[in-house]
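Chain by chain, the residues:
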Amino acid sequence: MSNSLKNHLSQQDWVFVTGGSGFLGRQLIQDLIAQGYRVRALTRSAKAAATVSGLGAQAVIGDLESTQVMTQAMMGCAVVIHAAAKVGDIVTITSRMTR
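Quick look at the structure, then.

Conventions and cut-offs
- Within each chain, residue numbers correspond to sequence positions counted from 1 in written order.
- In keeping with the model being predicted, local features are shown solely for residues with a pLDDT of at least 70 and side-chain atom pairs are shown and tallied solely at 80 or more, while totals for entire chains, interfaces and linings include all residues.
- Values shown for side chains rest on all heavy atoms present in the structure; no hydrogens or waters enter the calculation.
- Two strands qualify as a pair provided DSSP detects at least 2 bridges between them.
- Numbering goes from the N terminus for both helices and strands, where a helix is a DSSP run of H or I of at least four residues and a strand is a run of E of at least two.
- Axis definition: a line fitted to C-alpha atoms, limited for helices to the stretch in contact. Angles are taken between N-to-C directions and run from 0 to 180 degrees.
- Note on definitions: a residue-residue contact is assigned when non-hydrogen atoms from the two residues lie within 4.5 Å.
- Exposure is judged per residue with a 1.4 Å probe applied to protein chains only, and the accessible area is read against the type maximum: over 50% gives exposed, under 20% gives buried, and values in between give partly exposed.
- Working definition: the arc comes from the directions between the helix axis and the C-beta atoms, pointing outward to the latter.
- Between the rings of Phe, Tyr and Trp (Trp by its six-membered ring), a pair exists once the centres lie within 6.5 Å; its type follows the angle of the planes, with under 30 degrees stacked, over 60 edge-to-face, and the other angles tilted.
- For a lysine, the NZ atom is tested; for an arginine, the CZ atom; a charge sits over a ring if that atom is within 6 Å of the ring centre and within 35 degrees of the ring normal.
- Lining residues are those with an atom within 4 Å of a point, where the points come from a 1 Å grid over the protein atoms alone and group into cavities, where a 1.4 Å probe fits but cannot get out, or pockets, open sets with protein on both sides within 12 Å along at least five of seven lines.
- Grid points are joined across faces, edges and corners, and a volume is the space filled by probe spheres set on the points.
- Three residue categories are used. Nonpolar comprises Ala, Val, Leu, Ile, Met, Phe, Trp, Tyr, Cys and Pro, charged comprises Asp, Glu, Lys and Arg, and polar comprises the others, including Gly.
- Any pair of nitrogen or oxygen atoms within 3.5 Å is treated as a polar contact; in protein, a donor-acceptor pairing is required on top of that, and neighbouring residues in sequence qualify only through side-chain atoms on both sides.

## Section: the sheet that holds strand β3 (residues 58-61)
Here we have 4 strands laid out as an open sheet, ordered β3-β2-β1-β4, and parallel in their pairing. With partners counted over all chains shown, the strands left at the sheet margins are β3 and β4 (77-82), one partner each. Each neighbouring strand pair of the sheet contributes to a mean axis angle of 25 degrees, computed without reference to strand direction. Pairing between strand β1 (residues 14-18) and strand β2 (residues 38-43): 4 bridges, direction parallel. Along β2, the bridge assignment pairs V17 with A41. In this fold helix α3 (residues 46-54) packs onto β2 and β3, with an angle of close to 165 degrees to the strand it touches most, β3.

Now the structure itself:
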């Protein structure tokens, strides 16, 4: 986490991470937990939620398109880190670029 962001957060603050069970999300959770922050992370399945919980974060099952889940999950969080991606969208963009 950048020093400027650290200056605005206390270790009592919650950080919300989308894509918590992905490669980047898992690393973020581990780093944030190690620095003493409380982490809540969005996951899309019970298996992913178990991964996130195993890292010490509070798992929230849902997806980026669920306004109600996202709104509730972000309540009380000082920061949101968006680390989720739709792989299908990337594949579509890449295939269009190579035509």
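## Description of α3
Along α3, the residues classified as buried are A48, A49 and V52. One face of α3 carries all of its buried residues, which in axial projection span an arc of 100 degrees. Counted as exposed and oriented over 90 degrees from the buried face of α3: A46, K47, A50 and G54. In the core, the buried residues of α3 are packed alongside α2 (23-34), β2 and β3.

## Looking at the packing of aromatic side chains
The geometry of an aromatic ring pair is captured by two quantities: the separation of the ring centres and the angle between the planes. Inspection of the entire model under this criterion finds 0 aromatic pairs. The ring of W14 has R40 sitting right over it, with the charged end atom 4.5 Å from the ring centre.

## Brief notes about the layout of surface pockets
Each pocket or cavity is described by its volume, and for the largest pocket that value is around 480 Å³. Contributions of two or more residues to the lining of the largest pocket are made by α2, β2 and α5 (87-97). In terms of residue count, α2 provides more of the lining of the largest pocket than any other element does, 3 residues in total. Here the lining of the largest pocket is composed, by residue class, of 10 nonpolar, 8 polar and 4 charged.

## What to know about the side chain of T18
Take T18: it is sitting in strand β1. Separated by 2.8 Å, the side chain of T18 and the backbone nitrogen of A83 make a polar contact. Residues within four places of T18 in sequence aside, it is in contact with L42, L64, M70, I81, H82, A83 and A84.

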